[in-house]
Amino acid sequence: MNLYVCIKQVPDTETKIKLNADSSGIDPAGIKWILSPYDEFAVEEALRLKEKNAGSTVTVISAGPTRVVEAIRTALAMGCDNGIHVEIPESADNNFAAKALAGALKKEAKVDLVFTGKEAIDDGAAQTSQLIAEHFGMPCVTVVLGAEYGATSVKCKREVEGGAFEMVETALPALLAAQKGLNEPRYASLPNIMKAKKKEVKLLKAADVGASEADQKIKYKNFQLPPPKQAGKKIAGEPAAQAKELVRALHEEAKVV
Amino acid sequence: MAKVLIVAEQRDGKLKKSTFELVGASAAAGNETHVALLGEGVDGLAKEIGQYGANKVHVAQNAALKLYNAEAYTAVLTDLAKSLSPDVILASHTPTGRDFMPRLARRLDVGLASDCVTLAFEGNSIKVRRPVYSGKATAEVEFVGAGPRLATIRANALGVPKPDAGKSAESVTATANLGDLKTKTTDVVKGASARPDVTEAAIVVSGGRALKSSDNFKIIEELADTLGAAVGASRAAVDAGYRPHRDQVGQTGKVVSPALYIACGISGAIQHLAGMRTSKTIVAINTDPEAPIYQIADYGIVSDLFTVVPLLTEEFKKIKEH
């Protein structure tokens with residue numbers, strides 16, 4: 001099978017976000033970049049499918065500035081075979097990135113399945129998976145928590161609200177966007193980390209895959225940090241008195257109960 | 001004034017509160033408010049939508065729309081958007097809305113602002129702001145180029161208006177041209193819990209690692225059930241196996257903004273705060289007076305949660321009885 005994983009590099013979850021001088025974006029200084037956590041489930045799912053189907057290859061693709069090659073190497077160290085970096089500007093939106101990723105997929109001889117994370121934890125837009133599928137022209141199932149792969153189709157368990165699941169069957173080729181819990185991602189082994197460092201990552205320019213600034217549909221501006229909250233009130237006393245006072249305050253002051 | 005198309009959301013023939021938030025906000029701004037209602041045997045719901053101020057409800061019914069199907073929804077909404085030519089198209093940022101709206105945006109060759117927490121109508125356009133880095137910052141979205149402005153809005157961000165039984169909307173049939181579907185939704189498996197979803201609930205009671213076991217979450221559940229609240233959990237509690245991932249609140253879980261958030265035994269790691277800091281009122285219960293959660297809590301109780309939580313449940317029961 002010809003398996004693909006589209007990944008994104010994002011700031012680590014522990015990053016304290018600071019804005020740049022004119023509030024047009026965030027200050028990139030000191031940010032530790034990681035592979036977006038949901039993408040790890042996508043990489044793992046592709047690797048497990050490869051292991052069950054002899055002769056398969058897993059290719060990892062990322063669109064972004066040069067730094068994203070590090071995230072590609074993280075995926076290669078987990079066991080992916082090939083890496084492709086599509087160079088697009090830092091400011092590219094979901095649609096620009098999706099057009100670039102779909103363009104890179106279209107250059108491949110055959111695509112059976114594409115995996116992504118259900119969202120990236122930086123913009124949290126949850127758009128790029130569906131947009132890649134639309135640009136490529138294949139069906140897409142999002143928030144996938146389980147999948148049974150057949151020769152020409154895949155049955156997915158899609159998580160929705162209230163702990164319910166939609167059971168969705170789709171024809172191949174298809175794109176599946178992974179939810180946490182789809183599998184348990186492996187750690188990269190030391191030999192694989194060493195091998196990943198030496199692997200060639202193919203570089204494509206936006207123009208090579210038919211994407212350009214004209215694909216930019218939204219821009220972010222006027223960034224703000226959340227307003228500082230006033231220090232709250234600590235309720236003193238014995239636990240029974242504390243409980244009584246809190247319930248009174250929520251009922252009478254905050255009026256939320 | 002704008003021509004606004006809102007995509008209603010129903011499950012099992014019951015409309016979501018988040019749909020009323022969108023209809024109410026659009027109608028209150030004086031917009032020409034259209035609503036798309038998709039499903040099978042759902043035409044009776046148009047009346048309820050009308051009570052929130054919609055002008056016209058476009059009802060598309062088909063057996064293939066009985067359960068949510070991304071391709072079928074996208075096909076129907078693309079046709080409707082092209083024939084209606086709205087200035088603005090809105091849906092809730094729910095598992096359904098967030099799934100089809102990017103596809104609709106692509107078919108219309110326009111951009112989408114997703115998971116917005118503020119919405120203002122300006123002329124025939126909208127001004128929206130959305131969290132980035134899971135709420136560690138927010139940004140305004142600028143739409144590039146012409147065409148309708150698309151946005152998904154976070155549940156509870158606008159507030160549910162009161163229905164007016166004197167108001168009604170015109171109901172018309174929308175064509176359901178589904179084309180050749182490559183995907184089918186075969187079944188919906190219900191969740192075991194009767195509690196509301198953590199992203200939809202008006203009150204969320206969350207537990208952290210300090211709960212020490214999944215069994216101990218029983219006291220959290222009892223408090224939640226007394227309040228009709230959802231149960232949430234920190235990443236530490238989920239990673240320890242005390243709760244399923246769907247309950248996780250934070251940067252790698254759900255982002256919530258209920259009217260009341262009660263954090264029990266949660267220290268307040270940056271990635272947890274990112275998921276709940278927009279809650280209107282925050283209560284923290286933690287033995288450590290220096291815990292970061294107290295920096296954003298409106299009310300704090302520095303005591304052992306195993307003592308305080310059951311006492312709170314009893315106190316809340318008393319006011320519920322009155």
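Residues numbered from 1 in each chain as written. Chains lettered and ligands numbered in written order. Predicted model: local features only at pLDDT ≥ 70, side-chain atom pairs only at ≥ 80, totals over all residues.

Colleague: Teacher, can you tell me more about the overall build of chain A here?
Modeller: In terms of helices and strands, chain A carries six helices and 13 strands. Overall, the C-alpha framework of chain A stretches about 70 × 45 × 40 Å when taken along its three principal axes. (Helix = DSSP H or I, 4+ residues; strand = E, 2+ residues; numbered from the N terminus.)

Colleague: Even after reading the chapter, I still don't get the domain arrangement of chain B, so can you show me in this structure?
Modeller: Size of an interface: often given as the accessible area lost when the parts come together. Residue and element names in this part refer to chain B. Annotation of chain B at the domain level lists domain 1 (3–173) and domain 2 (203–321). The C-alpha-based centres of domain 1 and domain 2 are spaced at 31 Å. At the junction of the two partners, domain 1 supplies eight residues and domain 2 supplies eight residues. In terms of residue class, the side of domain 1 that touches domain 2 is made up of three nonpolar, three polar and two charged. (Domains from an automatic or database assignment. Contact = placed C-beta atoms within 7 Å. Nonpolar A, V, L, I, M, F, W, Y, C, P; charged D, E, K, R; others polar.)

Colleague: Is there a simple way to think about unusual backbone geometry in this case?
Modeller: In this model, Leu-172 of chain A is joined to Pro-173 of chain A through a cis peptide bond whose omega is -5 degrees. You can see Pro-173 of chain A is positioned in the loop between strand E9 (165–171) and strand E10 (174–178). Positive phi is not limited to glycine here, since Asn-222 of chain A has a value of about 45 degrees. When you line up the elements, Asn-222 of chain A lands in strand E12 (residues 218–224). Despite not being glycine, Asn-156 of chain B has its phi angle at roughly 75 degrees, a positive value. Its place among the elements puts Asn-156 of chain B in the loop between strand E11 (149–153) and strand E12 (170–173).

Colleague: Looking at this structure, how should I read the sheet that holds strand E5 (residues 56–61) of chain B?
Modeller: In a beta sheet, neighbouring strands are held together by backbone hydrogen bonds and run either parallel or antiparallel to one another. Residues and elements named next belong to chain B. Across the sheet, which stays open at both edges, the seven strands sit in the order E7-E11-E6-E1-E4-E5-E12 with parallel pairing between neighbours. Each end of this open sheet is capped by a strand with a single partner; those strands are strand E7 (112–116) and E12. Each strand axis lies, on average, 20 degrees off the axis of its neighbour in the sheet, ignoring direction. Pairing analysis gives five bridges linking strand E6 (residues 88–92) to E11, with the strands arranged parallel. Looking at E11, one finds that Val-88 is bridged to Arg-149. Along the sheet, helix H4 (residues 97–107) contacts strand E1 (3–7), E6, E7 and E11; its crossing angle with E11, the most-contacted strand, is approximately 170 degrees. (Pairing = 2+ DSSP bridges. Axes fitted to C-alpha atoms, helices over the stretch in contact; angles between N-to-C directions.)

Colleague: Help me out: how do you make sense of the interface of chain A and chain B in this one?
Modeller: Counting residues at the interface gives 67 residues for chain A, matched by 74 residues for chain B. For the side of chain A that touches chain B, the secondary structure elements donating two or more residues are helix H4 (128–136), strand E7 (140–149), E9, E12, strand E13 (233–234) and helix H6 (239–252) of chain A. Here the element with the most residues in the side of chain A that touches chain B is H6 of chain A; it accounts for 10 residues. Direction of pairing for E12 of chain A relative to strand E10 (residues 137–143) of chain B: antiparallel, over a ladder of five bridges.

Colleague: Even after reading the chapter, I still don't get the environment of Gly-232 of chain B, so can you show me in this structure?
Modeller: With respect to the element layout, Gly-232 of chain B can be found in strand E15 (residues 230–233). Non-local contacts of Gly-232 of chain B, meaning those with residues more than four positions away in its chain, are made with Val-198, Val-204, Val-205, Ser-206, Asp-247 and Val-249 of chain B.

Colleague: Is there a simple way to think about the environment of Gly-83 of chain A in this case?
Modeller: Residues and elements named next belong to chain A. Tracing the backbone shows Gly-83 in strand E5 (residues 82–87). Assessed through the 22 C-beta atoms surrounding it within 10 Å, Gly-83 is described here as buried. Separated by 113 residues in the primary sequence, Gly-83 and Ala-196 have C-alpha atoms spaced 9.7 Å apart. Apart from the residues lying within four places of it in its own chain, the contact partners of Gly-83 are Val-60, Ile-72, Leu-76, Lys-199, Val-201 and Lys-202. (Buried ≥ 20, exposed ≤ 12 C-beta atoms within 10 Å, placed from the backbone.)

Colleague: I would appreciate a short explanation of H4 of chain A in the present structure.
Modeller: What sets the pattern is the α-helix's 3.6 residues per turn: residues three or four places apart point alike. The element H4 of chain A is extensively covered by neighbouring structure, given that nine of its nine residues are classed as buried. By the burial criterion, the buried members of H4 of chain A are Thr-128, Ser-129, Gln-130, Leu-131, Ile-132, Ala-133, Glu-134, His-135 and Phe-136 of chain A. Looking at the buried residues of H4 of chain A, the elements they touch are strand E1 (2–7), helix H3 (94–106), strand E6 (113–117), E7 and E10 of chain A together with H4 of chain B. Trailing H4 of chain A by a residue or two, Gly-137 of chain A shows a phi angle of about 90 degrees, which is positive.

Colleague: Looking at this structure, I do not really get helix H5 (residues 218–227) of chain B. What am I missing?
Modeller: All names here are of chain B. Looking at H5, one finds that the buried residues are Ile-219, Ile-220, Leu-223, Ala-224 and Leu-227. Each buried residue of H5 lies within a common arc of 140 degrees when the element is viewed along its axis, so the set occupies one face. One or two positions beyond H5, positive phi appears at Gly-228, with a value near 65 degrees. (Arc of directions from axis to C-beta.)

Colleague: Teacher, can you tell me more about the pairing of strand E14 (residues 203–207) of chain B here?
Modeller: Residue and element names in this part refer to chain B. Most of E14 sits inside the fold, with five of its five residues counted as buried. Neither face of E14 is left uncovered, since the one carrying Ile-203, Val-205 and Gly-207 and the one carrying Val-204 and Ser-206 both have all their residues buried. In terms of strand pairing, E14 meets strand E16 (residues 260–264) through five bridges, oriented parallel. When the sheet's bridge partners are listed, Gly-207 is paired in E16 with Cys-264.

Colleague: What should I look at first to understand the packing of H6 of chain A against helix H8 (residues 305–321) of chain B in this one?
Modeller: Each packed pair of helices is defined by two parameters, the angle between the axes and the distance between the axes. Across the interface, H6 of chain A lies against H8 of chain B with an axial gap of 9 Å and an inter-helix angle of 45 degrees. If you check the angle between H6 of chain A and H8 of chain B, you find them oblique. As H6 of chain A packs across H8 of chain B, the resulting crossing turns out to be right-handed. The residues of H8 of chain B that touch H6 of chain A, namely those facing Pro-239, Ala-240, Gln-242, Ala-243, Lys-244, Leu-246, Val-247 and His-251 of chain A, are Thr-307, Val-308, Leu-311, Leu-312, Glu-315, Phe-316 and Ile-319 of chain B. Split by residue class, the contact of H6 of chain A with H8 of chain B holds 10 nonpolar, three polar and two charged. (Parallel < 35°, antiparallel > 145°, perpendicular 65-115°, else oblique. Left-handed = near helix turned anticlockwise from the far one by under 90°.)

Colleague: Explain the pairing of E16 of chain B here, please?
Modeller: Put simply, side chains in a regular strand alternate between the two faces of the sheet. Residue and element names in this part refer to chain B. When you tally the buried positions in E16, you get five out of five residues, the bulk of the element. By the alternation rule, side chains of E16 split into Leu-260, Ile-262 and Cys-264 and Tyr-261 and Ala-263, which are all buried. Sheet topology note: the E16/strand E17 (residues 281–285) ladder contains five bridges and is parallel. Looking across to E17, one finds that Tyr-261 is bridged to Ile-282. Handedness of the crossover joining E16 and E17 through helix H7 (residues 270–276): right-handed. (Right-handed = clockwise from strand over helix to strand, strands pointing away.)

Colleague: Whenever I open this one, the nonpolar core confuses me. Can you help?
Modeller: Grouped burial of nonpolar side chains is what soluble globular proteins tend to show. Residues Ala-36, Leu-37, Ile-49 and Ala-151 of chain B are the most contacted members of the largest nonpolar core, which totals 67 residues. Core analysis: the next-biggest nonpolar cluster, separate from the first, contains 62 residues, Cys-6, Ile-7, Ile-84 and Ala-100 of chain A among them. (Core = buried A, V, L, I, M, F, W, Y, C linked by C-beta atoms within 7 Å.)

Colleague: For this particular structure, what's the right way to read the sheet that holds E17 of chain B?
Modeller: Reading across the sheet, the six strands line up as E13(A)-E18(B)-E17(B)-E16(B)-E14(B)-E15(B) and stay open at both edges, with parallel pairing between neighbours. Each edge of the open sheet carries a strand with a single partner, namely E13 of chain A together with E15 of chain B. Examined bridge by bridge, E17 of chain B and strand E18 (residues 299–301) of chain B share three bridges and lie parallel to one another. Residue pairing for E18 of chain B: Val-283 of chain B is matched across the bridge by Tyr-299 of chain B. Together, E16, E17 and E18 of chain B form the strand contacts of H8 of chain B, whose direction differs from that of E17 of chain B by roughly 135 degrees.

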